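# Structure assessment
Residues per chain are reported as follows:
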Amino acid sequence: METILFLAHTESDGTLARAALETVSAARKLAQNLGFTLNGGLVGEATQPAAIQLAACGATRFLSVVGADFSQSRYATDAAALEAICQVARPSLVVAPATSRFMRVLAGVAQRMNGRIDTHATAITVSNGSVSITRWYYRQRMEAVLQRTHSPWFITLESGCYEAYRGEPGNSSVEIIPVELAANMKRTTVTGFHAPAAGEQTIRPDAELLFVAGAGWTKTQPDGRTHADDAQRIIRDFLRLSQASLGGSKSLVDLSGEGQAVLSFMTHLNQVGQTGSTPRHLKGLSTCCHGEEPHVVGWRFVNERRAVNLDGNCG
């Protein structure tokens, strides 16, 4: 029987993060629709807690590469670990979360396994026994449906597209796969993390609310001034108090290249809508934008979502 393998890297406590649990849900559904066997592949310093967490997911076996050498993101060790798991599982399909750690390494693993890979999938469907994936191109303006017959097929799944797995924990055994690492494979070491202070972070994928700012925030007001400094203060205070994620319209993001007043913390990474990122937050609040539709189009609906547009003078 053909096999589907889901891959996941564990957190510091050995459990799985939300993106990995969403991938488990997608792999379970895919295995059920195809009638394939489901296996799990786990990498990290500890993996038994993750296997306990997934005891009821339907996987027939959990393959694990475990140890301190696999606790951190490093291409050489991750590639060796994932290749070893795939060599044992011999899957037809491999589904993994599109995390920064896996996105760096899975293309190389696919090449080592003589496989093919497609990244940033937002949906995996089965029709007449054929698997299709959906992904976006050209800044979310084109949606493509892709199929492959080559095996193994590696697929990385974007977060927010499936419900996270919530099965009951239970007893589950893990098959440890030994991986020998040469000394030069461990030369890279993670010494720490640099990240903005929590209050300064504007992109929060797990936030319940997406706050979208439009160009109206920086336009000339009735007194003949732009008041960009006031706009920055108001938006920052709202983000800090609500813990919302910040999105921006194309017109606002592009102002920085036109010599006009801008919001210092707004970049192209914040751009959402038809020409930007696909928002997956539960609720959306669009302010000082020209209209709701450009920001709602392309919104990926996992649960019921609501978007509200507040237009008008933002002075």
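Residues numbered from 1 in each chain as written. Predicted model: local features only at pLDDT ≥ 70, side-chain atom pairs only at ≥ 80, totals over all residues. Heavy atoms only, no water.

## Things to note about the pairing of strand β3 (residues 61-66)
So the rule is basically this: Whether two strands pair depends on DSSP finding at least two bridges between them. A run of H or I in DSSP becomes a helix once it reaches four residues, and a run of E becomes a strand once it reaches two; helices and strands are each numbered from the N terminus.
Inspection of the sheet shows strand β2 (residues 37-44) paired to β3 by 6 bridges, in the parallel sense. By the bridge assignment, Val-43 is partnered in β3 with Val-65.

## Looking at a nonpolar patch on the surface
So the rule is basically this: For patches, a residue must show more than 30% relative accessible area and have no salt bridge; joins then use 9 Å for like charges and 5 Å for nonpolar side chains, namely Val, Leu, Ile, Met, Phe, Trp and Tyr. For accessible areas, the Shrake-Rupley method is used with a probe of radius 1.4 Å. Any residue's cover is judged against the shown protein chains and nothing else. By salt bridge we mean one thing: a side-chain nitrogen of Lys or Arg within 4 Å of a carboxyl oxygen of Asp or Glu. Any residue under 20% of the maximum accessible area for its type is buried, any over 50% is exposed, and the rest in between are partly exposed; the area is computed with a 1.4 Å probe on protein chains only.
Together, Tyr-137, Tyr-138 and Met-142 make up an exposed nonpolar region whose accessible area comes to about 340 Å². Relative to the helices and strands, Met-142 is located in strand β8 (residues 142-146). The exposure class of Met-142 is partly exposed, given its relative accessible area of 48%.

## As for the packing of helix α3 (residues 75-89) against helix α4 (residues 100-112)
Applicable threshold: Throughout, an axis means a line fitted to C-alpha atoms (over the contacting stretch in the case of helices), and angles, computed between N-to-C directions, take values from 0 to 180 degrees. The cut-offs work like this: below 35 degrees is roughly parallel, past 145 is roughly antiparallel, 65 to 115 is roughly perpendicular, and the gaps in between are oblique. Crossing handedness: left-handed means the near helix sits turned counterclockwise from the far one by under a right angle, and right-handed means the same turn made clockwise. Contact definition: two residues touch when any of their heavy atoms are within 4.5 Å. Basically, the charged four are Asp, Glu, Lys and Arg, the nonpolar ten are Ala, Val, Leu, Ile, Met, Phe, Trp, Tyr, Cys and Pro, and anything else, Gly included, counts as polar.
Look at α3 against α4: their axes get within 9 Å of each other, and the N-to-C directions meet at 50°. One way to sum up the angle between α3 and α4 is to call them oblique. The two elements α3 and α4 meet at a crossing, and its hand is right-handed. Residue-level inspection shows Tyr-75, Asp-78, Ala-79, Ala-80, Leu-82, Glu-83 and Cys-86 of α3 in contact with α4, the latter providing Arg-101, Phe-102, Arg-104, Val-105, Leu-106, Gly-108, Val-109 and Arg-112. Class assignment for the residues of the contact of α3 with α4 results in 9 nonpolar, 1 polar and 5 charged.

## A few points about the packing of aromatic side chains
Put simply, the test is: Centres within 6.5 Å make a pair out of two Phe, Tyr or Trp rings, where for Trp the six-membered ring is used; the pair is then stacked when the planes are under 30 degrees apart, edge-to-face when over 60, and tilted otherwise. Should the NZ of a Lys or the CZ of an Arg lie within 6 Å of a ring centre and within 35 degrees of the ring normal, that charge is described as sitting over the ring.
Tallied over the full model, the rule gives 2 aromatic pairs. Considering the side-chain rings of Phe-211 and Phe-238, the 4.8 Å spacing of their centres and the 40° angle between planes classify their relative orientation as tilted. Note that Phe-211 is positioned in strand β11 (residues 209-213) and Phe-238 in helix α5 (residues 228-242), a separation of 27 residues in sequence. One aromatic cluster in this structure is built from Phe-211, Trp-217 and Phe-238. Residue placement shows Arg-135 over the ring face of Tyr-137; its charged tip is 4.3 Å from the ring centre.

## Remarks on α5
To keep it simple, the criterion reads: Each helix should span, by expectation, one fewer than its residue count multiplied by 1.5 Å. Relevant arc is that of directions from the helix axis to the C-beta atoms, nothing else.
Its 15 residues place the ends of α5 21 Å apart at the C-alpha level, agreeing with the 21 Å of an ideal helix rising 1.5 Å per residue. Residues of α5 that are buried include every one of Ala-228, Ala-231, Gln-232, Ile-235 and Leu-239, and no others. The arc that holds the buried residues of α5, viewed along the axis, is 100°, so those residues lie on one side. Exposed side of α5, more than 90 degrees from the buried face: Asp-229 and Leu-241 are the residues found there. As for α5, its buried residues are in contact with β11 and β12 (245-248). Positive phi shows up at Gln-243, right after α5, with a value of about 60°.

## A closer look at the pairing of β12
A regular strand places its side chains on the two faces of the sheet in alternate fashion. This is how the line gets drawn: Consider the strands pointing away from the viewer: the crossover is right-handed when the path from the first strand over the helix to the second runs clockwise.
Residue alternation in β12 divides its side chains into two sets, Ser-245 and Gly-247 and Leu-246 and Gly-248, and both sets are buried. Crossover connection from β11 via α5 to parallel β12: handedness right-handed.

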